[in-house]
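Residue-level structure breakdown
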Amino acid sequence: MTLRQQFLAGMSFAACTVNIVTTDGPAGRYGLTVSAMTSVSADTATPTLLICVNSNSAAAQAIIDNGVFCVNVLRDDQFYISECFASRVKTEDGDKFSCGDWGRGATGAPRLIDSLVTFECRVMSSQRVGSHLVVFGSVDTIVSADEGSPLIYAKRAYGTASPIDIRPRGEIAATTLRLGAFHTFGPYVIPGIVESLAAEEGGVTLELVEGDQRRVLDSLRNGDVDVALVYDIAVGKGFHIERLAALSPYVLLPERHPLANHAAVSLVDLVDEPLILLDAPPSGDYFLSLFTEQNLSPNVRFRISSFEMVRGMVGRGLGYALLATKPASGLSYEGRALTARPLTDETEPSHIALVTRHGDAPKPAVKAFAERCRLLFAAG
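Residues numbered from 1 in each chain as written. Predicted model: local features only at pLDDT ≥ 70, side-chain atom pairs only at ≥ 80, totals over all residues. Heavy atoms only, no water.

Summing up its helical and strand segments, the protein has nine helices and 22 strands in all. Long-range pairs, those at least 24 residues apart, make up 69% of the contacts in the protein between residues at least 6 apart in sequence. Treating the 33 positive side-chain charges of the protein as one cloud and the 42 negative ones as another, the clouds have centres 3 Å apart. (Helix = DSSP H or I, 4+ residues; strand = E, 2+ residues; numbered from the N terminus. Contact = heavy atoms within 4.5 Å. Lys, Arg positive; Asp, Glu negative; His and termini not counted. Charge placed at Lys NZ, Arg CZ, Asp CG, Glu CD.)

Spelled out as structure tokens, the structure:
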């Protein structure tokens, strides 16, 4: 690996906000997605910041010629706007700016009305470094939202900031259950256990983190939660893993799909059908591996991170899904009937597991939760 490749791989771990940099003036209106933005100083005549843009982009020269730009820091639910201005997604009319609501700031540069914060700037100086143009801006006007979290880009994926609990361990009550749960099977396990814990004398206080495997394990690693209920796949080092139950994958089909008439379905039967892939780590890799082991290549139509969205897409007849968690209801959110069928292929099951950090002395609330999990899964 070259030094350049090592640098790019290393910088992928440096988290940064996602920003839309815009400009308007004699050179025209332009906008692009920029992650390289940082403050320079608050102690100059006016505050200063800098941005780095690819010097080959039309926006780079327009920023210099117009002499103004606006940095729009995106909220964590505005990744679609980022994708549009990065030219990975196109709007229906082909105009990037139609993906958001824009106003005109004091400098004349477009300002995203509902962004987290905007910095309207005048160009102070610029310098070309390698393939990029570093532009220093003098900040004229700042408009901030009352609330919201920034959209973060790190490890080549979007994310959001979550606070880390920095309370000393002694300040966290022994009856507080700080729990992380995988978002597909958590809703079918946790409410009943919490109900039984709350019925005990003294009750229990729940601090819950839900999400995919990566988010939950990061929360456990950082000390935001004390115990996690996740899959035993790709957990990593430094954790104690206790398997609770095996989950075999099954096929989810629309009610009227021809394969719904079969008692069981093979992967060969499915390979040409459109797959709605639950792409929340580690589910996506696991389901795709079932095909790989059979030397098959599935026809992935959509990659979706939401469990219920996958079920909704299947209910609409847009494809089938492979899932492991099976809700009690056979209906999608909008009331469309779904059919579950087992696979005829021999597959490696996934396992629900209790995961804690090595060396942690479990609190009473964690012990009580773990014991009820064991009883629940032992009873099937």
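Don't stop here, the text continues.
Taken together, Phe7, Leu8 and Met11 make up a surface patch of nonpolar side chains, about 310 Å² in accessible area. Topologically, Met11 is positioned in helix α1 (residues 3-11). (Patch = residues over 30% accessible without salt bridge, like charges linked within 9 Å, V, L, I, M, F, W, Y side chains within 5 Å. Areas by Shrake-Rupley, 256 points an atom, 1.4 Å probe, with all protein chains shown as cover. Salt bridge = Lys/Arg side-chain N within 4 Å of Asp/Glu carboxyl O.)

Further remarks concern the state of the cysteines. Tallied over the full model, the rule gives zero disulfides. Lacking any disulfide linkage, Cys16 is separated from the closest cysteine sulfur, that of Cys52, by 11 Å. (Disulfide = S-S within 2.5 Å.)

Okay, the packing of aromatic side chains next. Scanning all chains against the criterion turns up nine aromatic pairs. Between Phe79 and Tyr158 the ring centres are 6.2 Å apart and the planes differ by 35 degrees, which places this aromatic pair in the tilted class. Residue Phe79 is located in helix α3 (residues 79-85), and its partner Tyr158 is located in strand β12 (residues 157-160); the two are separated by 79 residues in the primary sequence. For Phe79, a relative accessible area of 44% corresponds to the partly exposed category. (Phe/Tyr/Trp six-rings, centres within 6.5 Å; stacked < 30°, edge-to-face > 60°. Buried < 20%, exposed > 50% of the residue type's maximum accessible area, 1.4 Å probe, protein only.)

The next thing to look at is the side chain of Glu308. Topologically, Glu308 is positioned in helix α8 (residues 307-315). Among the polar contacts listed, one links the side chain of Glu308 to the side chain of Arg311, at a separation of 3.2 Å. Those residues in contact with Glu308 that lie beyond four places of it in its chain are Tyr188 and Tyr333. (Polar contact = N/O pair within 3.5 Å; in protein donor to acceptor, adjacent residues only side chain to side chain.)

Further remarks concern the pattern of salt bridges. What the rule picks out here adds up to 17 salt bridges. Asp24 serves as the salt-bridge partner of Arg104, at 3.1 Å between the closest nitrogen and oxygen. Residue Arg104 is found in strand β7 (residues 102-104), and its partner Asp24 is found in the loop between β2 (19-23) and β3 (30-34); the two are separated by 80 residues along the sequence. A residue is classified by how much of its surface remains accessible, and Arg104, at 56% relative accessible area, is exposed. For Asp24, a relative accessible area of 16% puts it in the buried group. Bridged by salt links that share partners, the residues Arg75, Asp77 and Asp114 form one connected network.

Moving on: the sheet that holds strand β6 (residues 68-73). Read from one edge to the other, the open sheet built from seven strands follows the order β3-β2-β6-β9-β10-β5-β4, with strand pairing classed as antiparallel. A strand with exactly one partner marks an edge of an open sheet, and here the two such strands are β3 and β4 (37-41). This sheet shows a mean twist of 35 degrees between the axes of neighbouring strands, independent of strand direction. Two strands pair when backbone bridges link them, and β6 and strand β9 (residues 117-129) are joined in this way by six bridges, in the antiparallel orientation. Among the inter-strand pairings, Val73 is bridged to a residue of β9, identified as Val117. (Pairing = 2+ DSSP bridges. Axes fitted to C-alpha atoms, helices over the stretch in contact; angles between N-to-C directions.)

In this fold, Glu147 is placed in the loop between β10 (132-144) and β11 (151-154). In sequence terms Glu147 and Leu116 are 31 residues apart; their C-alpha atoms lie 7.6 Å from each other.

What follows concerns unusual backbone geometry. Most of the time, phi is negative for any residue but glycine, and the peptide bond is trans. Across the junction of Pro281 and Pro282, the peptide omega takes the value 0 degrees, indicating a cis bond. Following the sequence through the fold, Pro282 ends up in the loop between β18 (274-278) and α7 (283-292). Here the phi dihedral of Ala234 falls at roughly 50 degrees; this positive angle occurs in a residue that is not glycine. Turning to its location among the elements, Ala234 is positioned in the loop between β15 (227-231) and β16 (239-247).

As recorded in UniProt, the feature "domain: Flavin reductase like" (unreviewed entry) lies at residues 11-160. Measuring from the first to the last C-alpha atom of residues 11-160 gives 18 Å, for a span that is 11% helix and 47% strand. (UniProt positions renumbered as here; feature names shortened; annotations may be inferred.)

Turning our attention to the pairing of β11. Sheet topology places strand β1 (residues 16-17) next to β11; two bridges connect them, and they run antiparallel. Across the sheet, the residue bridging to Thr17 is Ile152, located in β11. Hairpin connection between β11 and β12: a loop of two residues separates the two successive antiparallel strands, and Lys155 in this loop has a positive phi of roughly 55 degrees.

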